[in-house]
Every structure is written in C-alpha cells, then in structure tokens.
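As a plain string of letters, each chain reads:
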Amino acid sequence: MAAAGAEAAAVAAEEEKRLPEGDPESGGDSEDEGDSESSGDGEDEEKENEAEIQRLEEQLSINAFDYNCHLDLIKLLRQEGELVKLRRARQKMSELFPLTEEIWLDWLKDEIKMASESSEREKVYELFERAVKDYICPEIWLEYAQYSIGGIGQEGGIEKVRSIFERALTAVGLHVTKGTALWEAYREFENAILETAQPAPGSVPSPEQQQMLCSQLEKIHTLFRRQLGIPLLDMEASYAEYEEWSEDPIPETVIKNYKKALQQLEKCKPYEEALLGAETPKLAEYQAYIDFEMKAGDPARIQLIYERALAENCLVPDLWARYNQYLDRQLKVKELVLSAHERAVRNCPWTVGLWIRYLLAMERHRVDHGIISEMFEKALNAGFIQATDYVEIWQAYLDYLRRRVDFTQDSSKELEELRSAFARAVEYLKQEVEERFSESGDPSCTIMQNWARVEARLCNNMQKARELWDNIMTKGNAKYANMWLEYYNLERAHGDTQHCRKALHRAVQCTSDYPEHVCEVLLTLERIEGTLEDWDAAVQKTENRLARVNEQRAKAAEKEAALAKQEEEKAEQRKQARAEKKASKKAKKTRIGDKRKADDDDEGEWGQEEEEQPSKRHKGDGDGILPEEDMEVETGLFGRSGPEKPDRPANQKEKASTSRKDIPKVLHDSSKDNVTVFVSNLSYNMADPEVKLKELFESCGEVAEIRPVFSNKGIFRGYCYVEFKEEKSALQALGLDRKVVEGRPMFVSPCVDKNKNPDFKVFRYSTTLEKHKLFISGLPFSCTKEELEDVCKAHGNVKDIRLVTNRAGKPKGLAYVEYENEAQASQAVLKMDGLTVKEHVIKVAISNPPLRKLPDKPEAGRASQFAVPRQVYGARGKGRTQLSMMPRALQRQSNPVAKAENGMVQNSPATSSEPPEEPKKMSNADFAKMLLKK
C-alpha cells in the first residue's frame, strides 16, 4: 500500500512540474526554436498582445460586467504566461459571474500543474469546491476525484478520496450518459487499494490482513451492485464485467434490480436521443425530459435533469424559477435550496422574480437578518430593466421587515427599521428609479398605501396614515374615485366619521372619472349617520357637482359630434373630389384623342370626316369599350378601328396596334390562391422578369407559371404572380420575403382576395415590447449587416439582424438585432449604447416600438383638396412629374362655364361632383376650327 502511495506521489510530482503553455519558466528550449526572423515576429506579436491586455484591463475598469472582455483577457494572459495576472483576472470574473465548465477546467489544470507543496494543494482543493458549486458538471467532479488521488499518501488521504467520490456520485452518479465514467473511476481506485492489500506470494495473510481483504472486496461488490441498480448507458458491459470479476454467483436481488434499471433505461433513451439530436438550447427537449421525471417522482433524478438543463440554459430565468419552486415545495433542504437560489440570481441578476424568491427562501430557512439585508442591497444593484421591478423588490423586502415586527409593543428596533425602510423606498423610487426610467414605477403609490395601512391597522397611528394619504393625493391621484374610496375605507375602519365625511366631500369635488360613485357613497354615509343639516349639505354638493359634470359631458359630446360631422363632411368632399377628378380625367382623354385624330388628317379631308363618323368607336358605343388599363395609354385611344389615313405610315399604325395586342392582360384565377404568391416592389428595369424570378423561386418547388404584369407600353410594373404546382412550395416561397433582388427588397405575400377576405392580415413586424431584441439608431448608411453582426456578436449569440430600408432598398440608419435571450440583449444595451461605429454614435435600446395612431376612418389621414388648398400629387406622391401633358387650348375648356363650338354647355370637373355628360361627337373639321379660333 505504501508502494502504491509512493508511485502515485511520483506520478503527481511529474504532473506538477509541468507549467501552463507559454509560461516563462517552461521556456528553457524556446531559444533554440526558430530562426531570427521568427523570433522577430514573435516579439511583434508579444507587443501587440501586451497592448491588447492593457486595453482590456482599462475597459474592465470602466465596465466590470463585460463578460466577453473577461474572456478575451483571460485567453491572452494564459497565452502570454502571466500567471499572477491570470489568477487575478480569473478571480475577478468568478466573483461576478458563474464560470462555465471549460473555463473552470482550464483554470484547475493550470493550478494543478503549479501546485507542488501541500499548502498549494489545499488551494487547489478550495478551487475545486468553488467549481462544483457553479454547475453540476461530471467532468469537473471526475477531475476533482482524480486529483485527490494524488494526495493519497497524506494522512487520511484514502478516506478523503472516498468522500469526494461519494459526493460526486451523489451529484452526477445518476447521469445517464456520463455517470458511468465516475463509477468506473471509483471502482478502479478501490481495485488499486485491493492490489496493495494482497499478501506477498507464498505468504500466509494474518487475520487483520484477511479481514481487510474481505472488507475491500465487499466495497467493490457494493459499488458494482449500486451501479447496476441505476439506469446508465452501457449497463450490459458493466454487468458482464461484474460477472467476470466476481467469484461468486450474482445474487437474485442484484439481477432483479439490474433488469428493473434496464427497463427504466429504455424509457429514458428516447429523451436522451432527443437531446443528442437537438440543437442548442434544447429547452423543449429538456422540458419533456423534466415532465417525464416529475411523473416518475424520484427527487434525485428530477434534481439532476434540472441541473443538466440549467448547465446548458443558465440564462433562462423561467427554468431557474421552476427549479427553485420545486426545491422550495418538495425537497426543502436548506443548503440545497439556498445554493440553487444563489446560483439563479448570479446567472440572471436582471430578473426580479428570482431575487424575490431568494429573499423568501432565506426568510423561510431563518437566515440571519444581516445576510438577508445584504442580499437585498445586491438586488438593488442588479440593474433591472423596468421601473416596476424596483417596486416589486422593495415591496418584498418591506413585507419581510413587517413580519419581523412585534406590534404588541409600542416601540421596537424592528418597527423603527420598518418605518425607515418605507421612507427610504419612497425616496429611492422618486430619485434613483425616476431618474433612470423617467417614471417611478409606482404611479398609484402602492408602497405608501401599504405604509399607511401598517400605521393605521397595526400601529394605531391614524395621524401618520392621513399624512401619507394626503401625500398620495398630491401626486396626481385625487382625480380617481377608487383612490378616494380606498382612503375612505381606511378611515371607516380605523378613523372617525368626521374624517370620513371630510374625505368624501373632497372626493366629490376632485373626482373626474366616476363622480357618481363617490356621490352615492357620501349620500349613503349621511343617510346612516348624518344629521338633517349634513344630509342637506351633501345633497346640495352632489347635485351641484353632478350638474357641472353633466354640463361638461354635454359640451364634450357636442364637440365630439361636431368633429364627427366635420370628418363626415371632409370625407364627402374627398369623395366628390375623387369623382370630379375621375370625370376630369375621362374628359381630358376624350379631348386629347379628338385632337390627335385631327392632327392625323389633311386639310382637304376635313369636309369628308362627317361621312366617316359612323365607323368610329368611342367609349360607350357598345362593343367598342376599351379596358380600363388601355385607357391609361396616351396614344391611339380612338384610332384603332378608324379608316386609314393617307399621311400616316401603314407600318407605324400596324406596329402600334401589334404592340398593344402583344401585351396580354394578366388574369388571376382565385381558385389557385393556395398555390400562388404575390411578388411586388421589384425593379421596373428588371430584364426578362420571368427568367429571373423562375431561377429565384425554383428553390422552393416546381414553378407552374410566372405572370409578370406590364403596362400597355410594355414596361414591367414591378409586380407579378408566381404559381407553383404544390401548396407547400407556395408556403416555402413566403420565406423569401424581403430578400434583396437587384438592390431592392422583394415583397412576397400570400395571394388573397381582400374583398372576399377583409380580415386577412399580412405579415407585420412586432410592435410590442421584445426584451430579447434591440433597436439601434444612428448607424451610418454604409454599415452592412456583416459589419453590424461583428459588433453585436461580441455581447451574445445573435439570432437575426434586420437593417431597416425604404422601398427602394436604401438604408435608413436603423436596425433590429435579435439575441437568444433577454439577458444577452440587456447586457448588449449596457455595452453598445453610445458606441461609435464609423464615426457615428449609435443609440441602442430594447425594442419597444411606440403605438401608431391609426385613423378612425380609412380616409381620415388624407386632406381634402377643398378643405385645404394644396397641390394634388399623383398616385406615388411628389415623385411623379407635376407637368401637365394637356394642351393649353384644351385646358381652357375646363373653366366653370365654357361653351363649346357645337353649342353644348359643360360643367367643369373641378367644380361639379356629377360626372360630365358624354360630349357630342365632333368631326375632325369641327375640332380643327375650334383650335384655330383659340
């Protein structure tokens, strides 16, 4: 046994001589490596690293909570071999954050290599104890147990190793996939001790040796039997090993427990396989596993699966809350419960609910008052993201202080502490919270209300309660009936009738939301307890007040009715304006067409036109009606079926006619809406949109048809219909929405007839508070998505980045950045707000878009051209040219009253809401005479 201890000590000594990579003491042979050129490069790199280390240290002095900055500094210091600074950096980080398994293992391995003396080994043991408290990690426990074997030669070394192994098995021995390694390491350790206890060959063991051998064999038997009763992977191999190792047959009870564990393993395998195949964060898979174990009801297994889930999802507050709730209600073990609560607030310090549960757990387990108060102060400095969070944590602490007070005594230290805390809470919300959030978070003064209740009901101090309520009413609460009634109920229960009456009289005078309710309460009080004079005064006061209220309401109703009427008039005016504009447009097109026909004729043919009129087709002449889309064309509206003109080239007329006929009218079959998507906001200059879009959408499925929409001039209008063979392809195509095509974001939406489905809603970005998403403004227009991602990913895992653009795809200097959880988002706000990006100072905040004020009526947002004299713009706003394409000669025809050459009097479209009558047909000769006279 002594030989084994000496051998283990020798191995440990060899391990201890090894220093971390890059340590100056381990670089004895480094001078012989490389030539002078490589050494020069090494010096430059070393200087760069030193400068970077200095920069990171300065940044941490400004913001100690920069998690990634801590990681970068530790990495550089380890690379440079700065052991003293490395220890200090790791220590500072561990005080602020729980460290991950990888960070702990690197730290422990570095310290193990440097620990040569017993005092240094004790420090490593302390470091291991800290490591196993952050998260339950099998690898750290295994490393801890194996390191403890190196101290087996010290006094009590074997028992210490066994103690560590037993703690490790309690913590992670039930781990289905990683628990087997710990059991095997423990058995190997016991087997090594058994080997040292074996007598020398040929010698007869003494009774003491025989007893020790039997005891050691029993320890190994027990380990095998314990392991075989737990569902672990590769159980069959462990069972076969036990059969081979044991000289005696395996007992029936062990076989029975082994088979039972195998059955349980089969039940667990689907959940383990789901975890192996899932992507991070695996929350749904872990939750299903937790639900399964909760039904089974084994507390140790439930605790372990929670710990496994938290090791991978340590920044999910809801998971911590469910775990702590289970521990509080089921296990109720003080050390276990408080440790879990402490780890929860270290991982998610921004979640007020976890702090409140921690304070309650400490009170429940009778933790010292000083420790609870200290923990409350830490909560105040945790950096909550809402003002109401501070109200909640203060209220929880005040409840705790109130429960400590013995109100049977007139005065006590605890009561004075409670009053002092109430006063501090009110001042804290007024100063600290309101300065940060521009609101106190407690508009109804709930903390002051609770203070007043404590004073009135528990301390019998109505004078103080009245002072507090007077303060509450001066903070803008006097107009609310429920506040006055709350005060009245307090006076009714603990005060006197005089103060009740006084409060209700003030309430009648001040209440603006429900004065009738307050008046009714006042009259009820006087009916029961008041004199005749009190009744008369109350009736008179309530009648006067209600009369004023009714008068104010009547005025408000009249004003609202006037506004509604005004809106109706404006809507009617807009309706008339649209009708007149439409009529004017039709009239102008008619005159333009007549003028162009006149230009196409010779002077000698003017007299012959009247004979040809019956062959011409005008709008309204039966089968000659043109489609609305054709009416937008400026040329050839009436020349399509007219006789040939001698001075017009025949090929030009045929070309124009052919160009119009070649453009098919795009019709859509509404029965195929489920396999069709509508694509818009495409570039008008897109060459061959059918080919371009087919290449783009073929990735979603087989495309049946692409129907781009063209104008009558053959110009692509920027939108089209894409029809697929299968519905799933159309659904997949919606994922291409906002994809940039030729410099513009392409809009892809379902093909839905809104006339048949008026309630259909297309995709809209969220307009509510999203705590895991950031809104960034002030970005340079040249900033790309990749550049912004490089800035943001330093503060957490970025799920998505959306640069806000206009319809033309031009950036607006705004962006939305989505993180995995609200913890990373809140941390990024602290670090990025005010950051300079390409000489632009950006502003960063949690995404919470303001509510949009939508008009009550669809047309309320448009100004009437009659109500407000202004320029009427085209369908696309000011972007369309403002030049009039109508000849001035025809424009003069639109005067209020204009007499045409044929004797007809026409109303101007600008002054009449009725559509103009169809003008009398004129010959080309009449039309030309009219122009010449002008």
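Provided above is the structure to which this section pertains.
Residues numbered from 1 in each chain as written. Predicted model: local features only at pLDDT ≥ 70, side-chain atom pairs only at ≥ 80, totals over all residues. Heavy atoms only, no water.

Draft legend 1. Structural view of the overall build of the protein. When helices and strands are tallied, the protein shows 35 helices and 13 strands. Looking at the protein as a whole, 38% of its 934 residues qualify as buried. The contacts of the protein with a sequence gap of at least 6 include a subset with a gap of at least 24, amounting to 62%. Element-wise, carbon and sulfur atoms account for 49% of the exposed surface of the protein, whose accessible area totals about 54,300 Å². (Helix = DSSP H or I, 4+ residues; strand = E, 2+ residues; numbered from the N terminus. Buried < 20%, exposed > 50% of the residue type's maximum accessible area, 1.4 Å probe, protein only. Contact = heavy atoms within 4.5 Å. Areas by Shrake-Rupley, 256 points an atom, 1.4 Å probe, with all protein chains shown as cover.)

Draft legend 2. Inspection of the side chain of R308 at higher detail. Relative to the elements of secondary structure, R308 occurs in helix α14 (residues 299-312). Since its relative accessible area comes to 11%, R308 is described here as buried. Other than its neighbours up to four places away in sequence, R308 contacts H175, V176, T177, E272, L275, Y286 and Y289.

Draft legend 3. Highlighting the pairing of strand β5 (residues 744-750). Across 4 bridges, strand β1 (residues 676-680) lies against β5 in antiparallel orientation. Residue pairing across strands places V677 opposite P750, the latter belonging to β5. Taken together, strand β4 (residues 739-741) and the strand that follows it, β5, pair antiparallel across an intervening segment of 2 residues, in which E742 is found at a positive phi of about 55°. (Pairing = 2+ DSSP bridges.)

Draft legend 4. Structural context of the environment of E166. Its place among the elements puts E166 in helix α8 (residues 157-172). For E166, a relative accessible area of 28% gives the class partly exposed. In the structure, E166 is positioned 20 residues away from Y186 in sequence and 8.8 Å away in space, judged by C-alpha atoms. Beyond its immediate chain neighbours, meaning those up to four positions away, E166 contacts Y186 and R226.

Draft legend 5. Main features of the packing of aromatic side chains. Within this structure, the stated rule accounts for 32 aromatic pairs. Residues F678 and Y719 carry aromatic rings whose centres are separated by 5.7 Å and whose planes lie at 50° to one another, so their mutual orientation is tilted. In this pair, F678 sits in strand β1 while Y719 sits in strand β3 (residues 716-724), placing the two residues 41 residues apart along the sequence. Residue Y719 is classed as partly exposed on the basis of its relative accessible area of 24%. One aromatic cluster is present, formed by F376, F384, Y390, W394, Y397, Y400, Y428 and F437 through successive ring pairs. The lysine or arginine in question, R121, covers the ring of Y147, its NZ or CZ lying 4.3 Å from the ring centre. When the ring centre of F747 is taken as origin, the NZ or CZ atom of R738, which lies over that ring, is 4.5 Å away. (Phe/Tyr/Trp six-rings, centres within 6.5 Å; stacked < 30°, edge-to-face > 60°. Lys NZ or Arg CZ within 6 Å of the ring centre and 35° of its normal.)

Draft legend 6. Inspection of the state of the cysteines at higher detail. Summed over the entire model, instances satisfying the criterion amount to 0 disulfides. Free cysteine C792: the closest other cysteine sulfur is in C783, separated by 8.5 Å. Taking relative accessible area as the criterion, C792 reaches 0% and is therefore assigned buried. (Disulfide = S-S within 2.5 Å.)

Draft legend 7. Summary view of the sheet that holds β3. Pairing in this open sheet of 5 strands is antiparallel, and the strands run β2-β3-β1-β5-β4 from one edge to the other. A strand with exactly one partner marks an edge of an open sheet, and here the two such strands are β2 (703-710) and β4. For this sheet, the mean angle separating the axes of adjacent strands, direction not counted, is 30°. Contacts from helix α30 (residues 689-697) reach β1, β2, β3, β4 and β5 within the one sheet, and its direction differs from that of β2 by about 140°. (Axes fitted to C-alpha atoms, helices over the stretch in contact; angles between N-to-C directions.)

Draft legend 8. Structural view of a negative patch on the surface. Side chains of E43, D44, E45, E46, E48, E50 and E82 sit close together on the surface and give a patch of like negative charge. Take E46: its relative accessible area is 39%, and that puts it in the partly exposed class. (Patch = residues over 30% accessible without salt bridge, like charges linked within 9 Å, V, L, I, M, F, W, Y side chains within 5 Å. Salt bridge = Lys/Arg side-chain N within 4 Å of Asp/Glu carboxyl O. Lys, Arg positive; Asp, Glu negative; His and termini not counted. Charge placed at Lys NZ, Arg CZ, Asp CG, Glu CD.)

Draft legend 9. Looking closely at the nonpolar core. Ranked by size, the top nonpolar core spans 165 residues in total, and within it I140, I393 and W394 carry the most contacts. With sequence-adjacent residues up to four places away left out, I393 is seen in contact with V352, W355, I356, L359, F376, A379, L380 and F384. With 20 residues, the next largest nonpolar core counts L696, C700, F724 and L736 among its residues. (Core = buried A, V, L, I, M, F, W, Y, C linked by side-chain atoms within 4.5 Å.)

Draft legend 10. Structural view of the pattern of salt bridges. A full pass over the atoms with the stated rule returns 41 salt bridges. Between D737 and R738 there is a salt bridge, and its shortest N-O distance comes to 3.4 Å. The closest approach of N and O atoms between E770 and K773, which form a salt bridge, is 3.5 Å. Overlapping salt bridges bring together K672, E705, R707 and E723 as one network.

Draft legend 11. Layout of the packing of helix α7 (residues 138-149) against helix α9 (residues 179-197). Two elements in contact, α7 and α9, have axes separated by 10 Å at closest approach and are oriented at 10°. If you check the angle between α7 and α9, you find them roughly parallel. Here W141, L142 and I149 of α7 come into contact with α9, specifically with A181, L182, A185 and F189. Residues belonging to the contact of α7 with α9 are distributed by class as follows: 7 nonpolar, no polar and no charged. (Parallel < 35°, antiparallel > 145°, perpendicular 65-115°, else oblique. Nonpolar A, V, L, I, M, F, W, Y, C, P; charged D, E, K, R; others polar.)

Draft legend 12. Geometry of the sheet that holds strand β7 (residues 798-805). Pairing in this open sheet of 4 strands is antiparallel, and the strands run β7-β8-β6-β11 from one edge to the other. Because the sheet does not close on itself, it has two edges, and the strands there are β7 and β11 (843-847). Mean inter-strand twist for the sheet, computed between neighbouring axes without regard to direction, equals 25°. Pairing of strand β6 (residues 770-777) with strand β8 (residues 811-819), which is carried by 5 bridges, proceeds in the antiparallel orientation. Bridge pairing in β8 places L774 opposite V817. Set on the sheet, helix α32 (residues 785-792) makes contact with β6, β7 and β8; between it and β7 the angle comes to about 135°.

Draft legend 13. Just the environment of A507, in detail. On the secondary structure map, A507 appears in helix α24 (residues 497-510). The sequence separation of A507 and L522 amounts to 15 residues, and the corresponding C-alpha distance is 9.1 Å. With sequence-adjacent residues up to four places away left out, A507 is seen in contact with W484 and V518.

Draft legend 14. Molecular detail of the packing of helix α5 (residues 101-114) against α7. Where α5 meets α7, the axes come as close as 10 Å, and the angle between the chain directions of the two elements is 15°. Relative to α7, the element α5 lies roughly parallel. The element α5 and its partner α7 pack so that their crossing is left-handed. Between α5 and α7, the contacting residues are E101, W104, L105, L108, K109 and I112 on the first element and E139, I140, E143 and Y147 on the second. (Left-handed = near helix turned anticlockwise from the far one by under 90°.)

Draft legend 15. Highlighting unusual backbone geometry. Backbone torsion omega between T280 and P281 reads 15°, so that peptide bond is classified as cis. Locating P281 in the fold gives a position in the loop between α12 (252-277) and α13 (283-296). Positive phi, normally seen in glycine, also occurs at D688, with a value near 50°. Of note, D688 is situated in the loop between β1 and α30. The class for D688 is partly exposed, based on a relative accessible area of 48%. Notably, E839 is not glycine yet its phi reads approximately 65°, a positive angle. Looking at where E839 falls in the secondary structure, it is placed in the loop between β9 (836-837) and β10 (840-841). By relative accessible area, E839 is classed as exposed at 77%.

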